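Geometric and topological summary
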Amino acid sequence: MPEPRIAVVGATGAVGGVTLQILRERGYQQVRAFASARSAGRELEGGVVVEEATPDALAAGDIDLAFFSVGTGASRQLVPHAVRGGAVAVDKSSAYRLQDGIPLVVPEVNGERALEHDGIVANPNCASIPLTCVLKPLHDAVGLARVRLATYQSASGAGTERMERLRAQDPAEGDLAMDWEFDGEEFDEESKLRAETRKILELPELPVSATCVRVPVMVGHAESVWIETVEPISPEQVRQLLAAAPSVRLEDVPTPRAAAGEDEVLVGRIRADRAAESNGIALFLACDNLRKGAALNAIQIAELILARRPVTV
Ligand SMILES: NC(=O)c1ccc[n+]([C@@H]2O[C@H](COP(=O)([O-])OP(=O)(O)OC[C@H]3O[C@@H](n4cnc5c(N)ncnc54)[C@H](OP(=O)(O)O)[C@@H]3O)[C@@H](O)[C@H]2O)c1
């Protein structure tokens with residue numbers, strides 16, 4: 001199969017750096033790095049030199065696959081140029097996630113949707129990906145009635161600048177943060193989680209209530225999840241279902257530290273939810289937000305597309 005010509009746009013960022021690393025691990029040879037004019041000419045790990053992500057460079061017709069992790073505004077400006085040049089774009093911002101006709105994909109959950117793309121596939125939020133990996137097998141078995149969750153999201157989820165701030169911080173000053181955009185009732189991170197979970201699972205009415213919190217941890221998001229199912233299910237049956245689920249690994253006590261650097265979603269603390277009126281299960285999960293929560297999920301999406309339609313150049 002000819003080598004796909006790959007562009008990593010946002011290559012100097014937290015997600016872009018991990019994207020380059022995973023592409024190297026998987027043996028991809030034709031990988032170019034793009035970022036803003038600020039970083040053009042910089043040499044990155046692996047020897048690749050950063051190019052400026054101009055509309056002309058992205059539309060030149062010599063890119064098969066483009067991974068975007070540049071933020072919503074820059075994605076809106078740049079993704080259409082890559083698509084115009086013939087690339088399939090996998091975008092990790094929220095620019096296209098909820099747009100009708102654009103697939104929002106977690107390969108283990110709704111991978112077949114990736115093949116319906118019209119040039120753009122959206123990669124979900126780093127909290128939606130592990131959540132849907134865990135909810136999907138439960139929904140298939142007994143149906144989901146409602147989901148409540150609280151997140152514990154690491155600094156790397158907000159990019160390299162936030163990571164630098166945490167590194168420079170006196171640990172005694174560590175605190176929780178809730179500084180997403182606020183609509184007067186919820187943070188946009190919370191409404192995104194609900195809307196994305198509904199779209200990925202194709203359950204447009206599923207009641208989902210989230211409280212999102214940023215914690216002073218460098219890498220790895222965790223989530224406490226309370227699930228009510230339509231049919232009864234025991235904690236032991238949940239354990240069995242999740243042990244067999246793709247990209248899920250059972251752990252007694254999953255933590256961000258244990259999840260960092262791993263490809264799987266760690267799930268544990270599976271127990272009956274004693275506050276639920278019926279069919280309640282509580283569990284805890286942790287996931288590397290830069291890998292399965294972002295870069296790895298996007299690469300898996302691209303590999304689904306490549307497997308179906310190899311590049312022909
Ligand atoms: N971090 C996560 O866990 C995570 C998970 C899922 C999705 N995402 C999404 O991925 C995107 C990037 O996140 P990140 O955490 O990697 O951020 P980051 O560390 O701040 O990196 C941002 C990257 O975007 C580049 N960039 C910014 N504006 C640009 C422009 N106008 N043209 C070209 N390149 C531009 C930056 O290049 P310069 O170095 O030249 O400024 C840098 O490479 C965001 O949309 C975020 O929501 C992040």
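Preceding block: the structure.
An account of the accompanying structure is given in this report. (Residues numbered from 1 in each chain as written. Predicted model: local features only at pLDDT ≥ 70, side-chain atom pairs only at ≥ 80, totals over all residues. Heavy atoms only, no water.)

The backbone of E202 shows a phi angle near 60 degrees, a positive value even though the residue is not glycine. Considering the arrangement of structural elements, one finds E202 in the loop between α7 (188–201) and β8 (208–211). The backbone of S247 sits at a positive phi, close to 65 degrees, despite the residue not being glycine. By secondary structure assignment, the location of S247 is in the loop between α8 (235–243) and β10 (248–250). (Helix = DSSP H or I, 4+ residues; strand = E, 2+ residues; numbered from the N terminus.)

Right, let's get into the site of the ligand. Residues in contact with the ligand amount to 27 residues; listed here are only the nearest, T12, S36, R38, S39 and S156. At a separation of 3.5 Å, an oxygen atom of the ligand approaches a polar backbone atom of S69. One of the backbone nitrogen or oxygen atoms of T160 is found 2.9 Å away from an oxygen atom of the ligand. In isolation the ligand exposes 900 Å². Once the protein is present, 79% of that is buried. Elements with a contribution of two residues or more to the shell around the ligand: α1 (14–25), α3 (72–84) and α10 (291–308). Residue composition of the shell around the ligand, by class: 11 nonpolar, 14 polar and 2 charged. (Near = heavy atom within 4 Å. Polar contact = N/O pair within 3.5 Å; in protein donor to acceptor, adjacent residues only side chain to side chain. Areas by Shrake-Rupley, 256 points an atom, 1.4 Å probe, with all protein chains shown as cover. Nonpolar A, V, L, I, M, F, W, Y, C, P; charged D, E, K, R; others polar.)

Let's shift gears to the side chain of N110. Mapped onto the elements of the fold, N110 is located in helix α4 (residues 107–110). The buried category is assigned to N110, whose relative accessible area is 3%. Of note is the side chain of N110, whose polar atom sits 2.9 Å from the backbone nitrogen of V106. (Buried < 20%, exposed > 50% of the residue type's maximum accessible area, 1.4 Å probe, protein only.)

This part takes up the sheet that holds strand β2 (residues 31–35). Sheet architecture is open: 6 strands sit in the order β3-β2-β1-β4-β5-β6, paired in parallel fashion. A single partner strand is all that each edge strand has here, and the edge strands are β3 (50–52) and β6 (120–122). Between one strand axis and the next, the sheet turns through 25 degrees on average, direction left out of account. Pairing between strand β1 (residues 6–9) and β2: 4 bridges, direction parallel. Along β2, the bridge assignment pairs V8 with A33. Contacts between α1 and the sheet are confined to β1, β2 and β4 (65–68), with β1 contributing the most and set at about 155 degrees to the helix. (Pairing = 2+ DSSP bridges. Axes fitted to C-alpha atoms, helices over the stretch in contact; angles between N-to-C directions. Contact = heavy atoms within 4.5 Å.)

Let's shift gears to helix α5 (residues 128–142). Under the 1.5 Å per step criterion, the end-to-end length of α5 is 20 Å for 15 residues, consistent within 8% with the ideal 21 Å. Its maximal kink placed at L135, α5 deviates by approximately 30 degrees, while the proline P137 follows within four residues. Of all 15 residues in α5, 11 are buried, a share of seventy percent or more. Taken as a whole, α5 has its buried residues at S128, I129, P130, L131, T132, C133, V134, L135, P137, L138 and V142. (Expected span 1.5 Å × (residues − 1). Bend = angle between axes of the 7 residues up to and from the residue.)

So, about the pairing of β1. Burial along β1 is two-sided: I6 and V8 and A7 and V9, pointing in opposite directions, are all buried. For β1 and β4, the ladder comprises 4 bridges, and the chain directions are parallel. Bridge pairing in β4 links V9 to F68. Handedness of the β1-α1-β2 crossover: right-handed. (Right-handed = clockwise from strand over helix to strand, strands pointing away.)

Moving on, we get to the packing of α5 against α7. Where α5 meets α7, the closest approach of the two axes is 10 Å, and the angle between their N-to-C directions is 45 degrees. Comparing the axis directions of α5 and α7 gives the class oblique. As for how α5 packs across α7, the hand of that crossing is right-handed. In this structure, α5 contributes S128, L131, T132, L135 and K136 to the contact, and α7 contributes L193, E196, T197, I200 and L201. Across the contact of α5 with α7, the residue classes tally to 5 nonpolar, 3 polar and 2 charged. (Parallel < 35°, antiparallel > 145°, perpendicular 65-115°, else oblique. Left-handed = near helix turned anticlockwise from the far one by under 90°.)

Spatial strand order, β8-β7-β9-β12-β11-β10: 6 strands in an open sheet with mixed pairing. Bordering the open sheet on either side are β8 and β10, each of which pairs with just one other strand. Neighbour-to-neighbour, the strand axes of this sheet turn through a mean angle of 25 degrees, independent of strand direction. Direction of pairing for β10 relative to strand β11 (residues 265–272): parallel, over a ladder of 3 bridges. Among the inter-strand pairings, V248 is bridged to a residue of β11, identified as V265.

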